[in-house]
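Fold and geometry: a report
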Amino acid sequence: MLDRLESLAGRYEKLSELLCDPDVTNDTKKLRDYSKEQSDLQPVYDAYIEYKSVMEELEAAKTMQAEKLDEEMREMVKMEIDELSIRQKELEEKIHFLLLPKDPNDDKNVIVEIRGAAGGDEAALFAADLFRMYTRFADTQGWRVDVMDTNESDLGGFKEVIFMINGRGAYSKMKFESGAHRVQRIPATESGGRIHTSTSTVSVMPEAEELDIEIHDRDIRVDTFCSSGAGGQSVNTTKSAVRVTHIPTGIMATCQDGKSQNSNKDKALQVLRARISDKIRQEEEAKYAGERKSKVGTGDRSERIRTYNFPQSRVTDHRIGLTLHKLDQVMNGDIEEFVSALTLAEQADMMDKGE
């Protein structure tokens, strides 16, 4: 571990020199890349510098302990050694976490797809609630939300809503949201006051850039049609809505919320790249599913991950057994406690596997 820390510290200090080099400061790409790399190394570097300082102080205290001291001084030195030893273990644990492999997609923007599943109109209404929850969570993180496509239900819910969250670290926090979300509540349409159970599915995909997934014009078919609103009725007479089909895989993406056909095509291609990339990723992970199943789940849409119980104001994440009795706050975007707990569970799982 120390050899790796020395290497990372050396790289951090080299980056400090490079960022003062005129050849770098005048090159926008190099400046951006080196600044990001140094920013990523900062937590490890700071922890390592503190760790070295603690070890030096601990060695000095142990040397002093070996000398002839009066009883009062000996007790003071012992207390200092005990405190430094505790801090040493804390830093070692922190550094171990910081050195765990980082998901290369963590800093990327995400494309989120929410669909009403079992439960008809109530499922669509819950899909709209989830969309609002994620939008408000994004606001607390300083991220921007861009709606890419919607299919509204007659009662104002969403049969489907696709949107992009733009912001550094979006995937690192949103990736745990993929799966089936279950709601238990009395629907507004239920006259008998009976509690219904409905589900909506969420899929979170890191944005795939053109360099990640190259799509050739010859491999796609582009269809245009008139945008439609709730119930399927046409909302305009121009064919601005776009459907793009990737012929080799049969994967499709549709966008009709943009103001122009070109805008909708660009957004549809973004979704298409993300879906193709997600398909490739899931196929690769399926090969190792038996030996690498994580505590926080597979991200499969069919996997039930969370239940929102309105009568008891209770939200339970089934992957880690965490229950919070603050449903109103959660539905208003306060999901940070779930995100933090799931992140810790993922890190612990990686440590158990010795990664």
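Residues numbered from 1 in each chain as written. Predicted model: local features only at pLDDT ≥ 70, side-chain atom pairs only at ≥ 80, totals over all residues. Heavy atoms only, no water.

Our focus in this paragraph is the packing of helix α1 (residues 2–18) against helix α3 (residues 28–65). Where α1 contacts α3, the axes come no closer than 9 Å and their chain directions differ by 130°. On the basis of their axis angle, the class for α1 and α3 is oblique. For the element pair α1 and α3, the recorded crossing hand is left-handed. Packed against α1, whose contacting residues are Leu2, Leu5, Glu6, Leu8, Ala9, Arg11, Tyr12, Glu13, Leu15, Ser16 and Leu18, the element α3 presents Tyr34, Glu37, Gln38, Leu41, Gln42, Val44, Tyr45, Tyr48 and Tyr51 at the interface. The residue makeup of the contact of α1 with α3, split by class, is 13 nonpolar, three polar and four charged. (Axes fitted to C-alpha atoms, helices over the stretch in contact; angles between N-to-C directions. Helix = DSSP H or I, 4+ residues; strand = E, 2+ residues; numbered from the N terminus. Parallel < 35°, antiparallel > 145°, perpendicular 65-115°, else oblique. Left-handed = near helix turned anticlockwise from the far one by under 90°. Contact = heavy atoms within 4.5 Å. Nonpolar A, V, L, I, M, F, W, Y, C, P; charged D, E, K, R; others polar.)

Taking 1.5 Å of rise per residue, the 21 residues of helix α5 (residues 121–141) would be expected to cover 30 Å, and the 31 Å separating its terminal C-alpha atoms lies within 8% of that figure. Where α5 ends, the next residue or the one after it, glycine 142, has phi of about 80°, a positive value. (Expected span 1.5 Å × (residues − 1).)

The next subject is the UniProt feature "coiled-coil region" (unreviewed entry) in the chain. Under the local residue numbering, the UniProt record ascribes the feature "coiled-coil region" (unreviewed entry) to residues 55–94. Within residues 55–94, the helical portion is 88% and the strand portion 0%, while the C-alpha atoms at the span's ends are 15 Å from each other. (UniProt positions renumbered as here; feature names shortened; annotations may be inferred.)

Moving on to α1. Given a rise of 1.5 Å per residue, 17 residues ought to cover 24 Å, and the 24 Å separating the end C-alpha atoms of α1 matches this to within 8%. Those residues of α1 that sit buried are Leu5, Ala9, Tyr12, Leu15 and Leu18. Where α1 is buried, its residues contact α2 (22–25), α3 and α4 (71–98). (Buried < 20%, exposed > 50% of the residue type's maximum accessible area, 1.4 Å probe, protein only.)

Take the environment of arginine 115 next. In this structure, arginine 115 sits in strand β1 (residues 110–116). In the structure, arginine 115 is positioned 85 residues away from serine 200 in sequence and 5.5 Å away in space, judged by C-alpha atoms. A polar atom in the side chain of arginine 115 sits 2.5 Å from the side chain of glutamate 160. (Polar contact = N/O pair within 3.5 Å; in protein donor to acceptor, adjacent residues only side chain to side chain.)

With that settled, consider the pairing of strand β10 (residues 314–317). By the bridge criterion, four bridges tie strand β9 (residues 304–309) to β10 in an arrangement that is antiparallel. If you follow asparagine 309 over to β10, its bridge partner there is arginine 314. Here β9 folds back onto β10 in antiparallel fashion, the turn holding four residues, of which serine 313 has a positive phi close to 50°. Pairing of β10 with strand β11 (residues 322–324) involves three bridges; the strand directions are antiparallel. The residue of β11 that forms the bridge with aspartate 317 is leucine 322. Connecting β10 to the antiparallel partner β11 that follows it, the hairpin turn spans four residues, and glycine 321 within it adopts a positive phi of roughly 65°. (Pairing = 2+ DSSP bridges.)

Further remarks concern a negative patch on the surface. A surface patch of like charges, here negative, comprises Glu56, Glu57, Glu59, Glu80 and Glu83. Counting only elements with at least two residues in the negative patch, the list comes to α3 and α4. Per-element accounting of the negative patch gives the leading share, three residues, to α3. By the secondary structure assignment, glutamate 57 is in helix α3. Classification of glutamate 57 by relative accessible area gives partly exposed; the value is 38%. (Patch = residues over 30% accessible without salt bridge, like charges linked within 9 Å, V, L, I, M, F, W, Y side chains within 5 Å. Areas by Shrake-Rupley, 256 points an atom, 1.4 Å probe, with all protein chains shown as cover. Salt bridge = Lys/Arg side-chain N within 4 Å of Asp/Glu carboxyl O. Lys, Arg positive; Asp, Glu negative; His and termini not counted. Charge placed at Lys NZ, Arg CZ, Asp CG, Glu CD.)

What follows deals with the packing of aromatic side chains. Within the structure shown, the criterion is met by five aromatic pairs. Ring centres of phenylalanine 137 and tryptophan 143 lie 5.7 Å apart, and the angle between their planes is 85°; this geometry places the pair in the edge-to-face category. Relative accessible area serves as the criterion here: at 1%, phenylalanine 137 is assigned to the buried category. Residue class for tryptophan 143 comes out buried when judged on its relative accessible area of 9%. Put simply, the rings of Phe131, Phe158 and Phe163 touch in pairs and so form one group of aromatic residues. Positioned above the aromatic ring of phenylalanine 310, the side-chain terminus of arginine 185 is 4.8 Å from the ring centre. Lying across the ring of phenylalanine 338, arginine 306 places its NZ or CZ 4.7 Å from the centre. (Phe/Tyr/Trp six-rings, centres within 6.5 Å; stacked < 30°, edge-to-face > 60°. Lys NZ or Arg CZ within 6 Å of the ring centre and 35° of its normal.)

Bringing the sheet that holds β11 into the picture now. On the basis of which strands lie adjacent, the open sheet formed by eight strands has the order β2-β3-β1-β5-β4-β9-β10-β11 and mixed pairing. Of all strands in the sheet, those bounded by a partner on one side alone are β2 (144–152) and β11. The average angle at which neighbouring strand axes cross in this sheet is 15°, direction not considered. Across six bridges, β1 lies against strand β3 (residues 158–166) in antiparallel orientation.

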